[in-house]
Amino acid sequence: MPNYSVRIIPGEGPNYEWPINGFVHGRDTAIVAWPGERPEIQSAIPISMMHFMHLHEHRFQIVDNRAVRSQGPILDIVIVPPHSPVAVHIELYKPGCQYLNCYYLYRMAAGIMAAQWVT
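Computed from a prediction, not measured in an experiment: that's the story for all the values here. Along each chain, the written sequence defines residue order, and numbers are assigned to residues from 1. Under the rules for a predicted model, residues below a pLDDT of 70 receive no local features and side-chain atom pairs below 80 are neither given nor counted, while totals for whole chains, interfaces and linings still include all residues. Only hydrogens and water are set aside; all other atoms, that is, all heavy atoms of the structure, feed into the side-chain values.

As for the environment of Val88
No. 1: Position of Val88 among the secondary structure elements: in strand β8 (residues 86–91).
No. 2: Exposure categories follow from relative accessible area, calculated using a 1.4 Å probe and restricted to protein chains: below 20% of the type maximum is buried, above 50% is exposed, and the middle band is partly exposed. Residue Val88 is classed as buried on the basis of its relative accessible area of 8%.
No. 3: Between the C-alpha atom of Val88 and that of Ser43, which follows or precedes it by 45 residues, the distance is 8.5 Å.
No. 4: Any pair of residues with heavy atoms lying within 4.5 Å of one another is described as a contacting pair. Excluding anything up to four places from it in sequence, Val88 contacts Pro39, Glu40, Ile41, Phe60, Gln61, Ile62 and Val63. Secondary structure elements follow DSSP: runs of H or I no shorter than four residues count as helices, runs of E no shorter than two count as strands, and numbering proceeds from the N terminus.

Regarding the pattern of salt bridges
No. 1: Basic side-chain nitrogens of Lys or Arg form a salt bridge, by our definition, when they fall within 4 Å of a carboxyl oxygen of Asp or Glu. Under the criterion given, the structure shown has two salt bridges.
No. 2: The closest approach of N and O atoms between Glu57 and Lys94, which form a salt bridge, is 3.0 Å. Residue Glu57 is found in the loop between β4 (51–55) and β5 (59–65), and its partner Lys94 is found in the loop between β8 and β9 (96–102); the two are separated by 37 residues along the sequence.
No. 3: A relative accessible area of 43% means that Glu57 is categorised as partly exposed.
No. 4: Of the charged contacts in the structure, one is a salt bridge between Arg59 and Glu91, with a shortest N-O distance of 3.1 Å. Of this pair, Arg59 sits in strand β5 while Glu91 is found in strand β8, placing the two residues 32 residues apart along the sequence.

This is the structure:
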């Protein structure tokens, strides 16, 4: 099973950017995957602020929440608490470009959004 690592890193300075893997949306590279794959995405937030991460057009199963491996619920949004990693398995079943983003619009507008291209 492919393993994709997503890390949410707060931007610093006057631009108020919220990059994923060091890149804000529009200056990033899409995550390429194939229908039928169940990649694991690991998300960690190294600051004292939680994010509500939302995946468009697909659903995922929480498999690690606060360092506890389990077969959790199937959702399309997960709360990623500060300093506590969360891992999910994504069920890819729709081709095309979808997005993983923070549910807060002002953070999404500041760059915390990643394109996921399913071919």
